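Here is what each chain is made of, one letter per residue.
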Amino acid sequence: MNSKPMFLRITRDENGAIAVEFALLAPIFLLLLVGVLQVGMAMQNYNALRGLSADVARYAMVQYQTGNELSNSQLETWAENQALGAPYLLDQNRINATITNAATQRVSGATELQVVVSYQLDSFLGFAGIEFPFVTYTRPVFLLDV
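Heads up: these notes are all about the structure in this document. No experiment lies behind these values; they were computed from the predicted model shown. (Residues numbered from 1 in each chain as written. Predicted model: local features only at pLDDT ≥ 70, side-chain atom pairs only at ≥ 80, totals over all residues. Heavy atoms only, no water.)

1. A short note on the packing of aromatic side chains
Thinking step 1. One pass over the full model with this rule turns up two aromatic pairs.
Thinking step 2. Centre to centre, the rings of Tyr46 and Tyr137 are 5.8 Å apart; their planes meet at 80 degrees, and the pair counts as edge-to-face. One end of the pair, Tyr46, is in helix H2 (residues 17-65); the other, Tyr137, is in strand S3 (residues 134-144), and 91 residues separate them in sequence.
Thinking step 3. According to the relative accessible area criterion, Tyr46 is partly exposed, its value standing at 31%.
Thinking step 4. Ring geometry for Tyr59 against Trp78: centres 4.1 Å apart, planes inclined by 5 degrees, an arrangement best described as stacked. One end of the pair, Tyr59, is in helix H2; the other, Trp78, is in helix H3 (residues 72-84), with 19 residues separating them in the sequence.
Thinking step 5. Residue classification places Tyr59 among the partly exposed residues on the basis of a relative accessible area of 24%. (Phe/Tyr/Trp six-rings, centres within 6.5 Å; stacked < 30°, edge-to-face > 60°. Helix = DSSP H or I, 4+ residues; strand = E, 2+ residues; numbered from the N terminus. Buried < 20%, exposed > 50% of the residue type's maximum accessible area, 1.4 Å probe, protein only.)

Structure follows, in structure tokens:
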């Protein structure tokens, strides 16, 4: 028996080539898909923090103008409670709001507060023990003295 024609036939056989190519490329495409989803979730969470900090600033200003001067801890509690409901729907165990008086008051006739809201991002790779870092958003709030 001549083994050369059989060897040539095996080397030229293209059956299964698609399966091999898929096996090589599928993990790359899956990682890209997970990466795009992860970035999208991070952007949604960042935008939620921006909106939440704007709501906290608005609430503090309205309360301050009506004569109801809330403490920083009361504003922190309000912010964390707002984060749990719509439209934010953030996880209670991963949200943290800190409100402090600014070290330097930049505007005379106003009290400046510093609102810092942080949130640990969702991770599609949590099952593998990979947790994502915190995203933090900071904004000043100026409360006019009346």
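2. Side note on the nonpolar core
Thinking step 1. Within the largest apolar cluster, 24 residues are counted, with the highest numbers of intra-cluster contacts made by Leu49, Leu90 and Ile95.
Thinking step 2. Of all elements in the fold, only H2, H3, strand S1 (95-101), strand S2 (110-120) and S3 reach the threshold of two or more residues within this core.
Thinking step 3. Of the residues forming this core, the biggest block, seven residues, is contributed by H2.
Thinking step 4. Contact partners of Ile95, with chain neighbours within four places excluded, come to Leu49, Leu52, Glu80, Ala83, Leu90, Val117, Ser118 and Tyr119. (Core = buried A, V, L, I, M, F, W, Y, C linked by side-chain atoms within 4.5 Å. Contact = heavy atoms within 4.5 Å.)

3. A word on the packing of H2 against H3
Thinking step 1. Direction vectors running N to C along H2 and H3 enclose 135 degrees, while the axes themselves pass 10 Å from each other. If you check the angle between H2 and H3, you find them oblique. Between H2 and H3 the crossing geometry is right-handed. Facing Leu52, Asp55, Val56, Tyr59 and Ala60 of H2, the residues of H3 in contact are Leu75, Trp78, Ala79, Gln82 and Ala83.
Thinking step 2. Among the residues making up the contact of H2 with H3, the classes are represented as eight nonpolar, one polar and one charged. (Axes fitted to C-alpha atoms, helices over the stretch in contact; angles between N-to-C directions. Parallel < 35°, antiparallel > 145°, perpendicular 65-115°, else oblique. Left-handed = near helix turned anticlockwise from the far one by under 90°. Nonpolar A, V, L, I, M, F, W, Y, C, P; charged D, E, K, R; others polar.)

4. Focus: the side chain of Asn45
Thinking step 1. By the element assignment, Asn45 lies in helix H2.
Thinking step 2. Apart from the residues lying within four places of it in its own chain, the contact partners of Asn45 are Leu90, Tyr119, Leu121 and Asp122.

5. Details of the sheet that holds S2
Thinking step 1. Spatially, three strands are ordered S1-S2-S3 in an open sheet, and the strand pairing comes out antiparallel. The sheet is open, and its two edges are formed by S1 and S3, each paired on a single side. Within this sheet the neighbouring strands show an average axis-to-axis angle of 15 degrees, counted without direction.
Thinking step 2. The pairing of S2 with S3 spans 11 bridges and is classified as antiparallel. Counted as the bridge partner of Gln114 is Pro140 from S3.
Thinking step 3. Against the sheet, H2 contacts S1, S2 and S3, and its axis sits at roughly 20 degrees relative to S3.
Thinking step 4. H3 rests against S1 and S2 of the sheet, and its axis sits at about 155 degrees to S1. (Pairing = 2+ DSSP bridges.)

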